[in-house]
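Breakdown of the fold
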Amino acid sequence: MASFHSITYYLSGHPSIVGFRWSHAESWGSTWCFLFSSIALYIAAAVILHGASLLVFRKRRPVPIGPLPAIHSLFMALISATIFAGILLSTAAEIRDSRWLWRRSRTTAFQWLLCFPLGTRPSGRVFFWSYIYYLSRFLHALRAFLTILRHRKLSFFKLFNHSILIFMSFLWLEFSQSFQVLAILSSTLVCSVVYGYRFWTAIGLPSACFPFVVNCQMLLLSCNLVCHIGVLLLHYIKGGCNGIGAWVFNSILNGAILFLFLNFYVKMHLQKRKAAAAASADDHRFGSENTELIKNKDA
């Protein structure tokens, strides 16, 4: 019990967490200039690394990078689990401390999770973990460089997805956007599972018999879509949600990611069906040839 209280204190009750305030002067990486320059530098570095790897290693073989993918996956799994636990405990504390105020406006905890009241400022426990989540997106984006070195491919979808995730998490803080608590909870939960699975397979343990990572990402996008509908309904029912302008822009970006991901998902399944059809055709042809050989021998 004492250890649980200690964990709760360091994840939701520490003065640096309770007293956090998103500020351009105090928070690292909190300016628009930093946001755009870091995304531009990230894309440029990925393109340069891809071009350099093709020039230096002309044969399309993976560049040996040792245990870096496993280390990155383990680190991201641990930090995602920490953010999930931190924002979960912080959300419970915020609900406990603000319940008396919500009774006046007839607001429930679930409504607050989807729709922040107008005038909400980016300060306190929840926004501290939102800030940590924003910083973790830069670490998450490093996976693109590992993919370039291992597979010698530059994926537009991955660069776009990582850049959009950084941009969206910045908007959450800058405009105190509604829905971010549920978004961070679902995203960090899925990320901890996905990166844990990647670490599992990176150290040589058996993988799943189905596309585990893709299905987890599809589940996350589906949950986000349902929550976005809930935010829209509450915005009109409750008379407004904080940061709704940023939410609209966020929804457009999420729609673009969903479209690209569905396109990838459909292509992956079509390729599997074609491969299965080709394999069955080869088996049928091989069986027919064997039957004919047996008949010729009998004759």
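For clarity, every value in this text was computed on a predicted model and none was experimentally measured. (Residues numbered from 1 in each chain as written. Predicted model: local features only at pLDDT ≥ 70, side-chain atom pairs only at ≥ 80, totals over all residues. Heavy atoms only, no water.)

1. Concerning unusual backbone geometry
This is how the line gets drawn: Secondary structure counts use DSSP, requiring at least four H or I residues in a row for a helix and at least two E residues in a row for a strand, with both numbered from the N terminus. Residue burial is assigned from relative accessible area. The probe radius is 1.4 Å, only protein chains are included, and a residue is buried under 20% of its type maximum, exposed over 50%, and partly exposed in between.
At serine 176, a position not held by glycine, the phi torsion is positive, near 45°. You can see serine 176 is positioned in the loop between helix 8 (156-174) and helix 9 (180-202). Overall, serine 176 belongs to the buried group, its relative accessible area being 2%. We note that phenylalanine 179 has phi near 80°; this positive angle belongs to a residue other than glycine. Along the chain, phenylalanine 179 turns up in the loop between helix 8 and helix 9.

2. As for the pattern of salt bridges
In plain terms, the rule: When a carboxyl oxygen of Asp or Glu lies within 4 Å of a side-chain nitrogen of Lys or Arg, that pair is called a salt bridge.
Counted by the stated rule, this structure contains four salt bridges. Between arginine 125 and glutamate 94 there is a salt bridge, and its shortest N-O distance comes to 3.4 Å. Remark: glutamate 94 occurs in helix 4 (residues 68-105) and arginine 125 occurs in helix 6 (residues 125-141); sequence separation between them is 31 residues. Residues arginine 96 and aspartate 97 are paired through a salt bridge, measuring 3.6 Å at the closest nitrogen-oxygen approach. Of the residues examined, arginine 96 reaches a relative accessible area of 56% and is grouped as exposed. Of the residues examined, aspartate 97 reaches a relative accessible area of 35% and is grouped as partly exposed.

3. Some details on the state of the cysteines
Keep this limit in mind: Two cysteine sulfurs form what is called a disulfide whenever their separation falls within 2.5 Å.
By the definition in use, this model includes one disulfide. Through a disulfide, cysteine 115 is tied to cysteine 241; the S-S separation comes to 1.9 Å. Sign of the S-S torsion, about -110° for the bond between cysteine 115 and cysteine 241, identifies this disulfide as left-handed. Highlighted residues: cysteine 115 in the loop between helix 5 (109-114) and helix 6 and cysteine 241 in the loop between helix 10 (212-237) and helix 11 (244-298), separated in sequence by 126 residues. Here the two residues cysteine 115 and cysteine 241 agree in accessibility, since each one is buried. Between cysteine 191, a free cysteine, and cysteine 216, which holds the nearest cysteine sulfur, the sulfur-to-sulfur gap is 10.0 Å. Look at cysteine 191 and you get buried, because its relative accessible area is 11%.

4. Describing the side chain of serine 169
Short version of the rule: Within 3.5 Å is the distance limit for a polar contact, defined as a pair of N or O atoms, with the added protein rule that one can donate a hydrogen and the other accept it, and that residues adjacent in sequence qualify only through two side-chain atoms. In this description, contact between two residues means that some pair of their heavy atoms is separated by no more than 4.5 Å.
Locating serine 169 in the fold gives a position in helix 8. The class of serine 169 is buried, set by a relative accessible area of 0%. Among the polar contacts made by the side chain of serine 169, one reaches the main-chain carbonyl oxygen of leucine 165 at a distance of 2.9 Å. Look past the residues within four positions of serine 169 in its chain and what remains in contact with it is Tyr133, Tyr134 and Arg137.

5. Examining the nonpolar core
Most often, soluble globular proteins keep nonpolar side chains buried together rather than apart. For clarity, the cut-off: Among buried residues, the Ala, Val, Leu, Ile, Met, Phe, Trp, Tyr and Cys ones that are joined through side-chain atoms within 4.5 Å form a nonpolar core.
Counting 62 residues, the largest nonpolar core has Trp22, Leu35, Leu114, Trp129, Tyr134, Phe179 and Leu182 as its most contacted members. The biggest single contributor to this core is helix 8, with 10 residues. Among residues more than four places away in sequence, those in contact with leucine 182 are Leu113, Leu114 and Cys227. Counting residues in each nonpolar core, the second largest holds six residues, with Val194, Tyr197, Val213 and Leu220 among its members.

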